[in-house]
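Descriptive structure summary
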Amino acid sequence: MELALAHETLARWQFGVTTVYHFLFVPLTISLSAITAVMHTAWVRTGKELYFHATKFWGKLFLINIAMGIVTGIVQEFQFGMNWSTYSRFVGDVFGAPLAMEALAAFFLESVFIGLWIFGWGRLPKRLHCACIWIVAVGTLLSGYFILAANSWMQHPVGYKINPATNRAEMTDVWHVLTQNTTLVQVFHTFSAAYLTGAAFVVGVASVHLWRAARITRAGGTLDERRRRQVAVMRPSLRLGLVLATVAGLLVAVSGDRLGKVMFRQQPMKMAAAEALWDTTDSAPFSVFAVGNVNRGRNDVELSIPGLLSFLAYDNFTEAVPGINNIAAAEAAQFGGEPDHYIPNIFVAFWGFRLMIGFGMTSFVAGLFGLWTTRRKLWLDPEFRTGDDETPRLMLTRRHELKPWFTKWSWRLGAWTLAFPVIGNSFGWIFTEMGRQPWVVYGVLQTRAAVSPTVSQGEVITSLVVYTLLYGVLAVVELKLLFKYGGAGPDVDERPPGREPTLRGGPDGEGAAADQDKALVFAY
Amino acid sequence: MAFATFWFIVTTVLWTGFFVLEGFDLGVGMLHAVVARDEAGRRAAINTIGPLWDGNEVWLIVAAAAMFAAFPPWYATTFSGFYAVMVLLLAGLIVRGVSFEFRNKVDSVRWRRTWDTLLTVGSLLVPLLVGFTLGGLLHGVPIDQQHEYTGNVGDLFSGYAVFAGITLVLLCLLHGATFMTLKTTGTLERRSATLARRIAPVTALAVLAFLPWTHATAGKGVLPSVVELIAVIAVIAAAWLVVGRSEGWAFFATTIAIATTIVSMFTDLYPRLMVSSTSHAFNLTVQNSASGDYALKVMTVIAAVFLPLVLLYQGWTYHVFRRRVSAEEFTGPRSD
């Protein structure tokens, strides 16, 4: 079976589908592990049961997520060899090393300690048990760091030479690969975005519960004991989510600016594409809206802010920013072929860039707005203060509460913000990877030359169909479970483990009696 | 060159570690619905590996990553050549991985039966397909001068590769059954022991046929190697010990048997990595496929630091969760 499609097209679709899907879970895993760890620490330190319930609740949602993150991650590791064998052969020496480091240093840490955390309730001493989830959180960061170092090398290859005898890239400086500025700013940006994602997730779920409780009281009903205690869990959760969304959102913006500046120097084409800037321009404008025409190499419609792009790229309003046509001509002169070949998909780059920023920053603004309106004491008349087990009122000023219509829509925005950073992350990566085309390793190896030469189209189509179907079914299951457990709220009837277990005392030793108390131990 | 050989050994150790540790997880996965007919028993069976399987599976990831980093062409040719096998293997790994987490999250019999089936099938596919692939490396598949796989899906099949898959499935079944005997109580322990006794002779026969076949396929002369001899002794000992009801020693024997079987395959493969059935001149070897000395040196440092650490904390989890699991613990209301 041979279709009139380039082999590269199918392989890229497969990589796109599996990678975007995988990265739906990764940022949530990074941030929810940390949020769960914070809640767990709060429980260990204060002994307040509401923190125990918060730990179990967010922990459960975290576990449903990480299961998907892990299994879809294995596909990532295998498909370099399956669909991109020429790439793997060519770069394995440099690119394989961070991957192996990730597996050795991070995956073991995450997987082993997650088992210890899930099954450690009532079996490990409290502090040690709490340390396990922190180790998982650190493991997710380590894993992210190594894989981003590998990706950064594709964006901006350093610390290697081409061996002329084997025609393979060989690593010459691992330190450079791991600490080049592309890696560092990309790590900074991706991690802050990951924390923004988890923060928005917590804000979203907490908003649903708090608004549900508020609707009951507003309709004249009273909350039963169970619901009041759920509200008491959700209030500090919301608070934590809002603070984290604000801080992480700010860091996303700062790191995004840094990353942009690095990219303007290392991959000017990607950034010109992000701005649909066709020709080199002094005092380049930042484009708010544009409809480009690739064939004629210019925009038909454009709305822009003068000078801003130059500032974003180089910190001054006057320096010239190179345009798409100029860079394409230069690359064609350097690497051969037609200039058009070196122009990535401008539509995707331009809109991907804007959607990334738009969705990410909406969550940041929502966090800031929520942080202010739900404040406890600051510039707030005492009569508007709410108890620990009540939904907070949304206060604009000292005595001015938001109108009911605005209150309703504020809580709804809070719920919806759950999805925004997830969407922003996806567009960010689609922009980053598609903006680098036609290169897979920038300036070194082109994507069309990186595929597996002898894998048939039929095989790639089959696997594309298999993964898409399998991932689709799993997405339905995942959403069903997230709605079920997220919607049910924390199980406030659950009792924390009573006595402090000891590590000593085996099945027959003195700890044997404690071992019989195992209601909480089994997760499966 | 010394580093390249060292990394061949590391890769062997990683694959061996995978089968020794994940081997019993896979066995438990295949057997959990057989050993227990009721929900409490199945949950108990799954919970014997509950805290451990995830960490055990990482050995597979690390083994593949080590191939990628230390021998890029080996990784590239294996994964693109065995494309269809890898698609199935990944599907197996995916459904198996999520079924642990998902099966008990909805309180419905149909839901749990579905995930039970997926867990069983996934756990069967993994050793079958990994065994098939490792067997294929040794038996040889069509590879050209550029080290590219030139055949189609059918060319991957050889009697030896299929038998390698079956042998590893049997070894995992026996390993899993002896593990459950060791980790459960009461009815579950008895039924696991019975299963182990039934599986043991078949597994022993398969291994006794598989090792000479491996030796002959590799063309390593007449005399068996020490590792192969140990594998023979271990699998016979395992079969004898499961009948003799010494649970701990039986598990020790299956551990040695599964480890030495994998090590035999790799020592017989050395110094080749992947045999070309087109011409032996096109074989992938340790020499022609290794990464540069610098990269291997860096990786050696990383492995020297992290592998002992991993063994330490992974070993500690086995200590923490050493207690036996009994079906009676699961008869009450579900804890989540």
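Here is a short report on the structure shown in this document. This is a predicted model, so every value here is computed, not measured.

Remarks on the overall build of chain B
- Counting its regular elements, chain B contains twelve helices and two strands.
- Relative to the globule expectation of 20 Å for 336 residues, the C-alpha radius of gyration of chain B, 20 Å, shows essentially globular dimensions.
- In chain B, which comprises 336 residues, the proportion classed as buried is 65%.
- Intrachain contacts of chain B at a sequence separation of at least 6 include 80% that bridge at least 24 residues.
- Accessible area for chain B stands at about 11400 Å²; split by element, carbon and sulfur atoms hold 71% of it.
- Considering chain B, the positive charge centre built from 22 side chains and the negative charge centre built from 20 side chains are found 9 Å apart.

Observations concerning the layout of surface pockets
All names here are of chain A.
- Counted as a void, the second largest pocket has a volume near 760 Å³.
- If you trace the second largest pocket, you find 36 residues lining it, with His189, Gly256, Phe353, Met356 and Ile357 closest to the centre.
- Those elements that place two or more of their residues in the lining of the second largest pocket are α1 (7-46), α6 (181-218), α7 (225-266), α8 (268-275), α9 (308-314), α11 (346-373) and α13 (420-435).
- For the lining of the second largest pocket, a count of residues per class yields 22 nonpolar, ten polar and four charged.

Things to note about the packing of aromatic side chains
- A complete count under the given rule lists 58 aromatic pairs over all chains for this structure.
- Pairing A:Trp405 with A:Phe406 gives two aromatic rings, centres 5.1 Å apart and planes at 90 degrees, and the pair type is edge-to-face.
- Looking at A:Trp405, the relative accessible area reads 52%, which means it is exposed.
- Aromatic side chains B:Phe71 and B:Trp74 sit 5.6 Å apart centroid to centroid with 75 degrees between the ring planes, which places their arrangement in the edge-to-face category. The residues B:Phe71 and B:Trp74 share a single accessibility class, namely buried.

Looking at unusual backbone geometry
- Across the junction of A:Gln437 and A:Pro438, the peptide omega takes the value 5 degrees, indicating a cis bond.
- The residue after B:Tyr270, namely B:Pro271, is reached through a cis peptide bond having omega 0 degrees.
- Within the secondary structure, B:Pro271 sits in the loop between α10 (247-269) and β1 (272-274).
- One non-glycine residue with positive phi stands out, namely A:Asp315, at about 70 degrees.
- Relative to the helices and strands, A:Asp315 is located in the loop between α9 and α10 (324-335).
- Judged by relative accessible area, A:Asp315 falls into the partly exposed class, the value being 45%.
- Positive phi is not limited to glycine here, since B:His147 has a value of about 70 degrees.

What about the environment of A:Asn299?
All names here are of chain A.
- Mapped onto the fold, Asn299 is located in strand β4 (residues 298-305).
- Asn299 sits in the buried class, given a relative accessible area of 13%.
- Along the backbone, Asn299 and Leu277 are 22 residues apart, and their C-alpha atoms lie at a distance of 8.4 Å.

Digging into the interface of chain B and chain A
- Across the boundary between the two partners, chain B contributes 77 residues, which contact 79 residues of chain A.
- For the pairing of chain B and chain A, the buried interface totals around 7000 Å² over both sides, and the portion due to carbon and sulfur atoms is 72%.
- On the chain B side of the contact with chain A, B:Phe68, B:Tyr83 and B:Arg323 bury the most area, a combined 11% of that side's loss.
- Applying the counting criterion to the chain B and chain A interface returns one salt bridge.
- In this structure, A:Arg89 engages B:Glu148 in a salt bridge whose closest nitrogen and oxygen atoms are separated by 3.3 Å.
- At the level of elements, α2 (39-49), α3 (53-70), α4 (72-81), α5 (83-102), α6 (109-139), α11 (286-289) and α12 (293-320) of chain B are the ones that each hand at least two residues to the side of chain B that touches chain A.
- Per-element tally for the side of chain B that touches chain A: the top contributor is α5(B), with 15 residues.
- Here the residues of the side of chain B that touches chain A sort into 50 nonpolar, 16 polar and eleven charged.

With respect to helix α3 (residues 85-119) of chain A
Residues and elements named next belong to chain A.
- Under the 1.5 Å per step criterion, the end-to-end length of α3 is only 40 Å for 35 residues, more than 12% shorter than the ideal 51 Å.
- At Gly92, α3 shows its maximal bend, which comes to roughly 90 degrees.
- Taken across its 35 residues, α3 has 33 buried, putting it largely inside the fold.

Points about the side chain of B:Thr181
Residue and element names in this part refer to chain B.
- For Thr181, the position within the fold is in helix α7 (residues 159-183).
- Within polar-contact distance, the side chain of Thr181 engages the backbone oxygen of Ala177 at 2.6 Å.
- In this structure, Thr181 is in contact with Glu189, Ser192, Ala193, Glu247 and Arg324, ignoring residues within four places of it in sequence.

Points about the side chain of A:Ser410
- Within the secondary structure layout, A:Ser410 lies in helix α12 (residues 404-416).
- Excluding residues that lie within four positions of it along the chain, A:Ser410 makes contacts with A:Phe369, A:Leu394 and A:Leu402.

With respect to the pattern of salt bridges
- Summed over all chains, the structure comprises 29 salt bridges over all chains.
- Residues A:Lys261 and A:Asp315 are paired through a salt bridge, measuring 3.2 Å at the closest nitrogen-oxygen approach. Note that A:Lys261 is positioned in helix α7 and A:Asp315 in the loop between α9 and α10, a separation of 54 residues in sequence.
- Salt-bridge contacts for B:Arg112 lead to B:Asp107; the nearest nitrogen and oxygen are separated by 3.4 Å.
- Relative accessible area serves as the criterion here: at 9%, B:Arg112 is assigned to the buried category.
- Residue classification places B:Asp107 among the exposed residues on the basis of a relative accessible area of 55%.

Structural notes on the environment of A:Ala105
- Here A:Ala105 shows up in helix α3.
- Residue A:Ala105 is classed as buried on the basis of its relative accessible area of 5%.
- A sequence separation of 37 residues divides A:Ala105 from A:Leu142, and the C-alpha atoms of the two residues are 7.5 Å apart.
- Beyond its immediate stretch of four places on either side in the chain, A:Ala105 contacts A:Leu142, A:Phe146 and B:Phe306.

Some details on the nonpolar core
- If you look at the biggest cluster of nonpolar residues, it comprises 236 residues, and the most contacted ones within it are A:Trp58, A:Tyr87, B:Trp15, B:Phe19, B:Trp74 and B:Phe102.
- In terms of residue count, the dominant contributor to this core is α3(A) (21 residues).
- The contacts of B:Trp74, once residues within four sequence positions are left out, are B:Phe8, B:Thr11, B:Met67, B:Leu137, B:Phe266, B:Leu269, B:Leu273, B:Met274 and B:Leu284.
- Counting residues in each nonpolar core, the second largest holds 34 residues, with A:Val185, A:Met269, A:Leu277 and A:Ile324 among its members.

Calculation criteria
Numbering of residues starts from 1 in each chain and follows the order in which that chain's sequence is written. Whichever chain is written first is A, and whichever ligand is written first is 1; the rest continue in order. With the structure being a predicted model, the display of local features is reserved for residues of pLDDT at least 70 and the display and counting of side-chain atom pairs for 80 or more, all residues being used for whole-chain, interface and lining totals. Excluding hydrogens and water, the side-chain values take into account all heavy atoms of the structure. A run of H or I in DSSP becomes a helix once it reaches four residues, and a run of E becomes a strand once it reaches two; helices and strands are each numbered from the N terminus. Our radius of gyration is a C-alpha quantity, and the globule rule it is checked against amounts to 2.2 Å times the number of residues to the power 0.38. Burial classes follow relative accessibility: with a 1.4 Å probe on protein chains only, a residue under 20% of its type's maximum area counts as buried, one over 50% as exposed, and anything between as partly exposed. In what follows, residue pairs with any heavy atoms lying within 4.5 Å of each other are defined as contacts. Calculation of accessible area relied on Shrake-Rupley with a 1.4 Å probe; when residues are assessed, cover is drawn exclusively from the protein chains displayed. Counted as positive: Lys and Arg. Counted as negative: Asp and Glu. His and the chain ends are not counted at all. By convention, the point assigned to a charge is CZ for Arg, NZ for Lys, CD for Glu and CG for Asp. Cavities and pockets are found on a 1 Å grid laid over the protein atoms alone: a cavity is a set of points where a 1.4 Å probe fits but cannot escape, a pocket is an open set with protein on both sides within 12 Å along at least five of seven lines, and a lining residue has an atom within 4 Å of such a point. Grid points are joined across faces, edges and corners, and a volume is the space filled by probe spheres set on the points. Under the grouping applied here, Gly and all other residues not named as nonpolar or charged are polar, the nonpolar ones being Ala, Val, Leu, Ile, Met, Phe, Trp, Tyr, Cys and Pro and the charged ones Asp, Glu, Lys and Arg. In this scheme Phe, Tyr and Trp rings, the latter by its six-membered ring, pair at centre separations within 6.5 Å, and the angle between planes marks the pair as stacked below 30 degrees, edge-to-face above 60, and tilted otherwise. Buried area: the accessible area, evaluated with a 1.4 Å probe, that two parts lose upon being put together, summed over both parts. Salt bridges are defined as contacts in which a side-chain nitrogen from Lys or Arg sits within 4 Å of a carboxyl oxygen from Asp or Glu. For a helix, the expected span equals 1.5 Å multiplied by the residue count minus one. Bend is the name given here to the angle between axes fitted to two runs of seven residues, the run ending at a residue and the run starting at it. Polar contact criterion, stated in full: a pair of N or O atoms within 3.5 Å, where within protein one must be able to donate a hydrogen and the other to accept it, and residues adjacent in sequence count only if both atoms are side-chain atoms. Grouping buried Ala, Val, Leu, Ile, Met, Phe, Trp, Tyr and Cys residues that are joined through side-chain atoms within 4.5 Å yields what is termed a nonpolar core.

All we've got here are geometric facts, nothing functional implied.
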